[in-house]
Amino acid sequence: MLSAHLIRNLRNASKLASVAGPNADRIVNVKWSDGKTGEFPLIWLRDTSPDAATYTISPAMTARNLTMLEFDVEQKARKLWIDGDGDSLKIEWDSGVLSTFPSEWLQMRNPSDQEARKRRRKVYLFPEETWGKEEIEKKLKRFSHEEFMKNDRVVHDFLEAVCIDGIAVLKGAPQGARGAIEAIGDRIGMIKRTHFGIVFEVSTKADASNMAYASNGGLPFHTDFPSLSHPPQLQMLHMLQSAEEGGNSLFVDGFHVAEQLRVENPEVFRILTTHSMEYIEEGYDIHEINGKEFRFDYDMCARHKVIRLNDEGKVNKIQFGNAMRSWFYDCEPNQVQNVYRAMKTFTDHCYQPRNVLKFRLEDGDTVLWANQRLLHTRDGFKNAPGKSRTLTGCYFDWDIVKSRVRHLRDKLELEQNQPSA
Ligand SMILES: C[N+](C)(C)CCCC(=O)O
Ligand SMILES: O=C(O)CCC(=O)C(=O)O
Ligand SMILES: [Fe+2]
């Protein structure tokens, strides 16, 4: 569904004035009464025609009925005309199918309108705004846990903040309430299960399966699970019992650090974006599933770059963790020293005070962040007598988180909502 706001804007816009073509490139040219124009590929108009023969649209599904196997990509139109006093474009196809395209439907999707294309790209929710310490301290968004649990708008705003800043905080769940992480997880959608279970507990334990469980010490900056080729994209931690002293949470925006290196140390940037590094994680974790203890043995191994770039050269993934880094470099021995220098410089940048966000999770606070973008850690801590610092945590993937944001934009009729079919 389209937001009332968007529909109003488009309705107010203008009427269709004329249609011409298709031309030799099979483009249909449309003009609106306010002078705007649109170039619509004929075959695209057939393929996306908003009619019941072309699409099945029900509350449970939006899907195209046409199959590519049977679809004639050279098909022609018998007749094209502007109908209803400029309200719609009508096309009668050779096959006999009749399509009706409302004026606002065409404006919204106009492939030759740069604004329409720009608006559509926002549907992927990739508006990352990278940050250093100063920026994030000003804009880090904190929401009330209680409001999050009962108000959909808060769920939307919280998750949207995570899309943009890569991190946001929920304050003040009922203290010591086990189950808070599951309840938040249910509000978001689906928790991503890993070899540490659905929900894990961070506390100092015997036979630790991870460095975070091994001592009250601090940890080095890391992303979780560099041992995986597809590590969870988001991580959440909820503080059940905070330490008496220390145990602060630290975050650094890996995308920001990567961009700094690109400018300030191009050789290090080159090595980290071209040389793959291997990570291993061998051991077992005992966790609970449906009230029963479950032992999972694993032998994880993955190889990837610390900084991964997409096809356009934009930084789109950070993965690094010193605890799981392996011994294998798969390069000539004389290159290894420089790989170490690069990892060292990357780490030094992560720790530079201009880059680090540090705060304390109080009992009942929760933080959700982008695990393939931010590196995180905690500093060492001292427990209050008879108490043990304890957090619970879980993971998510972007598809679920972003789906929730889009769904809420639709349900709450927010301005940013976009059409599906
Ligand atoms: C938080 N925990 C222990 C469930 C997983 C940590 C993964 C890592 O150290 O990379
Ligand atoms: O103890 C903490 O605050 C965080 C530990 C950690 O790195 C994790 O749970 O992934
Ligand atoms: Fe971690």
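Computed from a predicted model, the values in this text were never measured in an experiment.

Calculation criteria
Residues numbered from 1 in each chain as written. Chains lettered and ligands numbered in written order. Predicted model: local features only at pLDDT ≥ 70, side-chain atom pairs only at ≥ 80, totals over all residues. Heavy atoms only, no water. Buried < 20%, exposed > 50% of the residue type's maximum accessible area, 1.4 Å probe, protein only. Helix = DSSP H or I, 4+ residues; strand = E, 2+ residues; numbered from the N terminus. Arc of directions from axis to C-beta. Core = buried A, V, L, I, M, F, W, Y, C linked by side-chain atoms within 4.5 Å. Contact = heavy atoms within 4.5 Å. Near = heavy atom within 4 Å. Polar contact = N/O pair within 3.5 Å; in protein donor to acceptor, adjacent residues only side chain to side chain. Areas by Shrake-Rupley, 256 points an atom, 1.4 Å probe, with all protein chains shown as cover. Nonpolar A, V, L, I, M, F, W, Y, C, P; charged D, E, K, R; others polar. Pairing = 2+ DSSP bridges. Patch = residues over 30% accessible without salt bridge, like charges linked within 9 Å, V, L, I, M, F, W, Y side chains within 5 Å. Salt bridge = Lys/Arg side-chain N within 4 Å of Asp/Glu carboxyl O. UniProt positions renumbered as here; feature names shortened; annotations may be inferred.

Take helix H8 (residues 180-188) next. For H8, the complete set of buried residues consists of Ala 180, Ile 181, Ile 184, Gly 185, Arg 187 and Ile 188. Take H8 and look down its axis: the buried residues cluster within an arc of 160°, on one side only. Of the residues trailing H8, Gly 189 is marked for its positive phi of about 150°.

A few words now on the nonpolar core. With 52 residues, the main nonpolar core has Ile 167, Phe 251, Phe 346, Phe 359 and Val 367 as its most contacted residues. The element that contributes the greatest number of residues to this core is helix H12 (residues 333-351), accounting for five residues. Phe 359 has contacts with Leu 140, Ile 167, Val 169, Asn 248, Ser 249, Phe 251 and Val 367, leaving out every residue within four places of it along the chain. One finds Val 154, Ala 161, Ala 168 and Ala 370 within the second-largest nonpolar core, a separate group that totals 25 residues.

So, about the site of ligand 1. If you check the shell around ligand 1, you find Phe 196, Phe 200, Asn 210, Tyr 213, Thr 223, Asp 224, Phe 225, Pro 226, Met 324 and Tyr 395 and nothing else. Between ligand 1 and the protein, one listed contact pairs an oxygen atom with a backbone N or O atom of Phe 225 at 2.7 Å. With the chains in place, 92% of the 320 Å² that ligand 1 exposes on its own is no longer accessible. For the shell around ligand 1, a count of residues per class yields seven nonpolar, two polar and one charged.

Attention shifts here to the site of ligand 2. The environment of ligand 2 is formed by Val 202, Ala 212, Leu 219, His 222, Asp 224, Gln 235, Leu 237, His 376, Arg 378, Arg 389 and Leu 391. Here an oxygen atom of ligand 2 sits 3.1 Å away from a polar atom, N or O, in the side chain of His 222. Asp 224 has a polar side-chain atom sitting 3.1 Å from an oxygen atom of ligand 2. Where the shell around ligand 2 is concerned, the elements lending two or more residues are strand E12 (234-241) and strand E21 (374-378). Across the shell around ligand 2, the residue classes break down as five nonpolar, three polar and three charged.

Moving on: the pairing of E12. Across the eight residues that make up E12, a large majority, seven, are buried. Pairing of E12 with strand E20 (residues 366-370) involves five bridges; the strand directions are antiparallel. In the sheet register, His 238 faces E20, and the bridge partner there is Thr 366. Bridge count between E12 and strand E23 (residues 390-396): seven bridges; the pairing is antiparallel. Its bridge partner lying in E23, Met 239 is registered against Leu 391.

With that out of the way, let us pick up a nonpolar patch on the surface. A cluster of nonpolar residues, Ile 280, Trp 327 and Phe 328, forms a patch on the protein surface that exposes about 340 Å² of accessible area. In this fold, Trp 327 is placed in the loop between strand E18 (315-318) and H12.

On to the UniProt feature "domain: TauD/TfdA-like" (unreviewed entry) in the protein, then. Mapped onto this numbering, the UniProt entry gives "domain: TauD/TfdA-like" (unreviewed entry) at residues 142-395. Secondary structure across residues 142-395 comprises 28% helix and 32% strand; the distance between its end C-alpha atoms is 19 Å.

Pairs may arise between side chains of opposite charge once their charged atoms sit close together. Per the stated rule, a full pass over the model turns up 27 salt bridges. Arg 187 is the partner of Asp 152 in a salt bridge, and the nearest nitrogen-oxygen pair spans 3.2 Å. Of the two residues, Asp 152 sits in helix H7 (residues 152-165) while Arg 187 sits in helix H8, which places them 35 residues apart along the sequence. Both residues of the pair, Asp 152 and Arg 187, count as buried. Put simply, Lys 411 and Asp 152 hold a salt bridge, and the shortest N to O gap is 2.7 Å. Of this pair, Lys 411 sits in helix H13 (residues 398-411) while Asp 152 sits in helix H7, and the two are 259 residues apart along the sequence. A relative accessible area of 15% places Asp 152 in the buried class. One continuous salt-bridge network, built from bridges that share partners, spans Glu 129, Lys 139 and Asp 165.

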